[in-house]
Amino acid sequence: MNTLIRKGIRPLFNSTIRASCRTFADVNINEKIDKIVKDNKVVVFMKGVPDAPRCGFSNAVVQIMRMHAVPYVSHDVLSDENLRQGIKEYSNWPTIPQVFINGEFVGGCDIMLQMHQSGELVEELKKVGIQSALLTAEQSKKEEKK
Amino acid sequence: MLPSVRASRNATIDKKSNIQADKKDVVQSFQRLDCEIKVKKRSHSSCPTIYQTGKNKRNGQRKIHLVNMSVESGVVANSIRNKLQNSLEATHLDVINESYMHNVPKGAETHFKVVVVSDKFDGLALIKRHRLVNDILKEELQNGVHALSIVAKTTKQWDESEKIIDSSPSCRGGFGK
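Definitions and cut-offs
- Residues numbered from 1 in each chain as written.
- Chains lettered and ligands numbered in written order.
- Predicted model: local features only at pLDDT ≥ 70, side-chain atom pairs only at ≥ 80, totals over all residues.
- Heavy atoms only, no water.
- Helix = DSSP H or I, 4+ residues; strand = E, 2+ residues; numbered from the N terminus.
- Buried < 20%, exposed > 50% of the residue type's maximum accessible area, 1.4 Å probe, protein only.
- Lys, Arg positive; Asp, Glu negative; His and termini not counted.
- Salt bridge = Lys/Arg side-chain N within 4 Å of Asp/Glu carboxyl O.
- Polar contact = N/O pair within 3.5 Å; in protein donor to acceptor, adjacent residues only side chain to side chain.
- Contact = heavy atoms within 4.5 Å.
- Patch = residues over 30% accessible without salt bridge, like charges linked within 9 Å, V, L, I, M, F, W, Y side chains within 5 Å.
- Areas by Shrake-Rupley, 256 points an atom, 1.4 Å probe, with all protein chains shown as cover.
- Charge placed at Lys NZ, Arg CZ, Asp CG, Glu CD.
- Pairing = 2+ DSSP bridges.
- Axes fitted to C-alpha atoms, helices over the stretch in contact; angles between N-to-C directions.
- Phe/Tyr/Trp six-rings, centres within 6.5 Å; stacked < 30°, edge-to-face > 60°.
- Expected span 1.5 Å × (residues − 1).
- Arc of directions from axis to C-beta.
- Nonpolar A, V, L, I, M, F, W, Y, C, P; charged D, E, K, R; others polar.
- Core = buried A, V, L, I, M, F, W, Y, C linked by side-chain atoms within 4.5 Å.

Novice: Can you break down the side chain of Asp76 of chain A residue by residue, with the values?
Specialist: All names here are of chain A. Tracing the chain through its elements places Asp76 in strand 4 (residues 73–76). Of the side chains with opposite charge, Arg54 comes closest to the buried, unpaired Asp76, at an N-O distance of 5.7 Å. One polar contact links the side chain of Asp76 to the main-chain amide nitrogen of Leu78, over a distance of 2.9 Å. Contacts of Asp76, omitting those with residues within four sequence positions, involve Met46, Lys47, Gly48 and Leu83.

This is the structure in structure tokens:
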């Protein structure tokens, strides 16, 4: 009997509750996220906060942003379950962290890392009027040589 | 600095073979007990579990003992491998279970890294390649797989690369389930 409850009824029960709660949240969270990513040039949805990331992948993204000295807005998905689910649906991307530049989804940790390594990130930032600190450092080096 | 500790995949493989040795021990010790062994998938998570079903001598009650298994290629890993192989006709495919690096039960299948080399990626931007892989593994990602790190290359890119895969950044404890 116990197993029956555990296997049959409980998941059903859980999913109904979840489904009914979600319909309320869905509309709001989508609009909320849309506003967040469109009002800011660079937005990072991550686990934890930049000073104390709670996931290695999120930390990697924070470190990349720091290296380029990018001003960004961060949102902690661990403190808001609605946001955590909402962001995955908004961008149709299953994992956290997620980076948005100029309202557009750019990628997660893997993509940020590769863009950083290939120099693509510097270009993307330039497009939205952010000068990467790495680029600034490089330019000042060149000037010194002259 | 970035926490991209460059580790050759050998390190991962070593870890795996250790884990497999563990598994063998568990199975053997069960066999010694003359118990029926069933490998069953737990409904609420993706970790394969060994159920030991045998009657308790004292009171005759059926005793179920759960042992989390550390399986080199578990149920989820296999399904990931099959799906990617079938959909992308990969010329090289690695499915690495990195769950042991994280704050999850031993033997869990929650954190994966996949290395996919396929000519189907030709001409696709990185984000599209990742989306393709994510789409193929949609079911897994909704049911227990919590992190998926993707290396997606075309055969040409793979042949030209050093074929060294960076290990994923270490956990920071935030497995906020």
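Continuing now.
Novice: Tell me what's going on with a positive patch on the surface, and back it up with residues and numbers.
Specialist: A grouping of Lys141, Lys142, Lys145 and Lys146 of chain A is seen on the molecular surface, where their side chains present a positively charged patch. Considering the arrangement of structural elements, one finds Lys145 of chain A in helix 6 (residues 133–145).

Novice: Help me get a handle on the sheet that holds strand 4 (residues 92–97) of chain B, residues and values and all.
Specialist: Residue and element names in this part refer to chain B. If you walk across this open sheet you meet the three strands as 4-5-6, and the pairing is mixed. A strand with exactly one partner marks an edge of an open sheet, and here the two such strands are strand 4 and strand 6 (147–153). Pairs of neighbouring strands in the sheet enclose a mean axial angle of 10°, with direction left out of account. In this structure, strand 4 lies alongside strand 5 (residues 111–117), joined through six bridges in antiparallel fashion. What sits directly across from His92, in strand 5, is Val117. Of the strands in this sheet, strand 4 and strand 5 are in contact with helix 2 (residues 75–88), which crosses strand 5 at around 25°.

Novice: Break down the packing of aromatic side chains for me, with residues and values.
Specialist: Centre-to-centre distance and the angle between the planes together describe a pair of aromatic rings. Residue and element names in this part refer to chain A. Per the stated rule, a full pass over the model turns up four aromatic pairs over all chains. Seen in terms of ring centroids, Phe45 and Phe100 are 5.6 Å apart; in terms of plane orientation they differ by 80°. Their pairing is edge-to-face. Remark: Phe100 occurs in strand 5 (residues 98–101) and Phe45 occurs in strand 1 (residues 42–46); sequence separation between them is 55 residues. Note on accessibility: Phe45 and Phe100 belong to one class, buried.

Novice: Describe helix 2 of chain B, and please don't skip the residues or the numbers.
Specialist: Residue and element names in this part refer to chain B. For helix 2, which comprises 14 residues, the first-to-last C-alpha distance of 20 Å matches the rise-based estimate of 20 Å (1.5 Å per residue) to within 8%. All of the buried residues along helix 2 are Val76, Ala77, Ile80, Leu84 and Leu88. An end-on view of helix 2 places all buried positions within 100° of arc, on one side of the element. In the core, the buried residues of helix 2 are packed alongside strand 4, strand 5, helix 3 (126–136) and helix 4 (138–142). Directly after helix 2, the chain includes Glu89, whose backbone phi takes a positive value near 45°.

Novice: So what about the interface of chain A and chain B? Which residues, and what values?
Specialist: Contacts between chain A and chain B engage 27 residues on the former and 25 residues on the latter. Along the contact surface separating chain A from chain B lie zero salt bridges. Viewed at the interface, chain B and chain A are joined by five residue pairs in polar contact (both at pLDDT 80 or more). Those elements giving two or more residues to the side of chain A that touches chain B turn out to be helix 2 (56–67), helix 3 (81–91), strand 6 (104–107) and helix 4 (109–118) of chain A. With seven residues, helix 2 of chain A is the single largest residue contributor to the side of chain A that touches chain B. Across the side of chain A that touches chain B, the residue classes tally to 13 nonpolar, nine polar and five charged.

Novice: Mind laying out the nonpolar core, listing which residues take part and the relevant values?
Specialist: By size, the foremost hydrophobic cluster in this structure holds 37 residues, and its most contacted members are Phe45, Met65, Ile101 and Met112 of chain A. At the level of secondary structure, the elements contributing two or more residues to this core comprise helix 1 (2–39), strand 1, helix 2, helix 3, strand 5, strand 6, helix 4 and helix 5 (120–127) of chain A. The element contributing the most residues to this core is helix 2 of chain A, with six residues. If sequence neighbours within four positions are ignored, Phe45 of chain A has contacts with Ile33, Ile36, Val37, His75, Val77, Leu83, Ile87, Ile96, Pro97, Gln98 and Phe100 of chain A. Ile80, Leu93, Val114 and Leu141 of chain B belong to the second largest nonpolar core, which has 20 residues in total.

Novice: Tell me about the pattern of salt bridges, and please be specific about residues and values.
Specialist: Residue and element names in this part refer to chain B. If you walk through the whole model with that rule in mind, you get nine salt bridges over all chains. The salt bridge partner of Lys83 is Glu139, with a shortest N-O separation of 3.7 Å. Of this pair, Lys83 sits in helix 2 while Glu139 sits in helix 4, and the two are 56 residues apart along the sequence. Lys83 gets classed as partly exposed once you look at its relative accessible area, which sits at 23%. Judged by relative accessible area, Glu139 falls into the exposed class, the value being 52%. Several salt bridges share partner residues, and in doing so they unite Lys83, Glu139 and Glu140 into one network.

Any functional reading would require information that these geometric values do not contain.
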